[in-house]
Amino acid sequence: MKWRHGTPVAFSPVSAHTNSAEITRDEFAGFDLIVVGSGFFGLTIAERVASQLDKRVLVLERRDHIGGNAYSEPEPETGIEVHRYGAHLFHTSNKRVWDYVNQFTDFTNYQHRVFAKYQGQVYTFPMNLHLINQFFGKSHSPDEARALIAEQSSEIDTKDAQNLEEKAISLIGRPLYEAFVRGYTAKQWQTDPKELSASIITRLPVRYNFNNRYFNDTYEGLPVDGYTAWLERMADHPNIEVRLGVDFFEVREAIPEGTPIVYTGPLDRYFGYSEGRLGWRTLDFEQEVVPTGDYQGTSVMNYNDIEVPYTRIHEFRHFHPEREYPADKTVIVREYSRFASDDDEPYYPINTAEDRDKLERYRELAKAEARERNVVFGGRLGTYKYLDMHMAIGSALSMFDNKVAPHLSDGAPLDGGDGGADV
């Protein structure tokens, strides 16, 4: 089956949740803070306000489930936990974030490793000494590999690169670019890399050792009981109420004037697209239950050949090898990338020069909204920034410290202070 982002998913709410959209002005008046969106940014703000300030928080979520894009659920036929909006891998070097999230979940010792398929052969990824040796059919020492890549990348001077293709060749050389960047990038962007800006890539890491860990962070793992259980625990506080299936834009006129709001939805939608729509990439997924206990031997396989329409396949059983899953069935999910249309779930900011001009205008509007209406903007959608989970949590903790807590405790203006990744 195929789905597009935004399709409602059945969700068994915890006791503090309801999906009634009927919210009266009097009900709104009983809360000290309104949070729009129940992803990691919104729930971190809600949890801190509830537990640290003993204030009442209402979380409004337009979907029928908690957790934003981090939501996960068991596939009915196999029981294998699937990340509904694409694979989510938790990693961070921020000790404050790590200590914070460990209040709500234990983590496995999972370390993410990715493999890449090109012309029928499978390579370790990111590019490392093993890939170089395998691809060029010869054993190289680290120094020999550095010299090889330096020679191949000398074809184009980095400062003279006019597009993404030239920039990539100037960093890693043409052979590795043709195999591991060109096709994958063309599928990601639906555009010939020659037509993409060189600014999209600032570096292409090559490791001159055999380390094939995808992330270099100090802390890494997956929540033992899954993402949904973790997110529900964040919201499980007597001062927090989460209402599912509620579109903020259908109820905001009922919110009493001056009520502080943390908004984590699309920045441009909040302002009625007055400065134009911001450009996004989206993803589509194709899920299949396959009659084998192991389809590809790893959690993520990239497909670099341009002829293969999807960019990668996730096999979710491999994210939790400690669990007892069926030995005769597995779940795979093929991932496709494309430009987002108006009704799609936005994933990755395209961030063209035109988008950046619009964003600057929206930021000015957002500053005025904080000053005049006590509304602040955060999260991936609310800031038009791609934020990994740990970054969203870290910026939410910063906003709580510097804006939300001073406002709710001492009446400080919401437009003051350093709010992290908010606008």
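Residues numbered from 1 in each chain as written. Predicted model: local features only at pLDDT ≥ 70, side-chain atom pairs only at ≥ 80, totals over all residues. Heavy atoms only, no water.

**Examining the UniProt feature "domain: UDP-galactopyranose mutase C-terminal" (unreviewed entry) in the protein chain**
- Within this numbering scheme, the UniProt entry marks residues 179–386 as carrying the feature "domain: UDP-galactopyranose mutase C-terminal" (unreviewed entry).
- Here residues 179–386 runs as 26% helix and 22% strand, with 26 Å between its end C-alpha atoms. (UniProt positions renumbered as here; feature names shortened; annotations may be inferred. Helix = DSSP H or I, 4+ residues; strand = E, 2+ residues; numbered from the N terminus.)

**Comments concerning helix H2 (residues 40–53)**
- Compared with the 20 Å implied by 1.5 Å per residue over 14 residues, the 19 Å span of H2 between its first and last C-alpha is a close match.
- If you check which residues of H2 are buried, you get Phe40, Phe41, Gly42, Leu43, Thr44, Ile45, Ala46, Glu47, Arg48, Val49, Ala50 and Leu53.
- In the segment just after H2, Asp54 is the residue with positive phi, at about 55 degrees. (Expected span 1.5 Å × (residues − 1). Buried < 20%, exposed > 50% of the residue type's maximum accessible area, 1.4 Å probe, protein only.)

**Remarks on the packing of H2 against helix H8 (residues 227–235)**
- Where H2 meets H8, the closest approach of the two axes is 8 Å, and the angle between their N-to-C directions is 30 degrees. It follows from the interaxial angle that H2 and H8 lie roughly parallel. Facing Phe40, Leu43, Thr44 and Glu47 of H2, the residues of H8 in contact are Tyr227, Trp230, Leu231, Met234 and Ala235.
- When the residues that make up the contact of H2 with H8 are grouped by side-chain class, the tally is seven nonpolar, one polar and one charged. (Axes fitted to C-alpha atoms, helices over the stretch in contact; angles between N-to-C directions. Parallel < 35°, antiparallel > 145°, perpendicular 65-115°, else oblique. Contact = heavy atoms within 4.5 Å. Nonpolar A, V, L, I, M, F, W, Y, C, P; charged D, E, K, R; others polar.)

**Some words on the nonpolar core**
- Among the nonpolar cores identified, the biggest contains 115 residues, and Ile45, Phe90 and Trp230 are the most heavily contacted of them.
- Counting residues per element, this core draws most heavily on helix H13 (residues 389–410), at 10 residues.
- Grouped together as the second largest cluster of nonpolar side chains are eight residues, Met301, Tyr310, Ile313 and Ile332 included. (Core = buried A, V, L, I, M, F, W, Y, C linked by side-chain atoms within 4.5 Å.)

**Describing the side chain of Thr259**
- Following the sequence through the fold, Thr259 ends up in the loop between helix H9 (248–251) and strand S12 (261–263).
- Exposure remark for Thr259: the relative accessible area of 11% places this residue in the buried category.
- Once residues lying within four places of it in the same chain are set aside, the contact partners of Thr259 are Ile34, Arg373 and Asn374.

**Looking at the domain arrangement of the protein chain**
- Considered domain by domain, the protein chain is made up of domain 1 (29–109 + 222–276 + 350–410), domain 2 (114–200) and domain 3 (280–339).
- A separation of 28 Å is found between the C-alpha centroids of domain 1 and domain 3.
- The interface of domain 1 with domain 3 comprises 23 residues on the first partner and 19 residues on the second.
- Of the roughly 1800 Å² buried at the junction of domain 1 and domain 3 (both faces included), carbon and sulfur atoms supply 68%. (Domains from an automatic or database assignment. Buried area = accessible area lost by both parts, 1.4 Å probe.)

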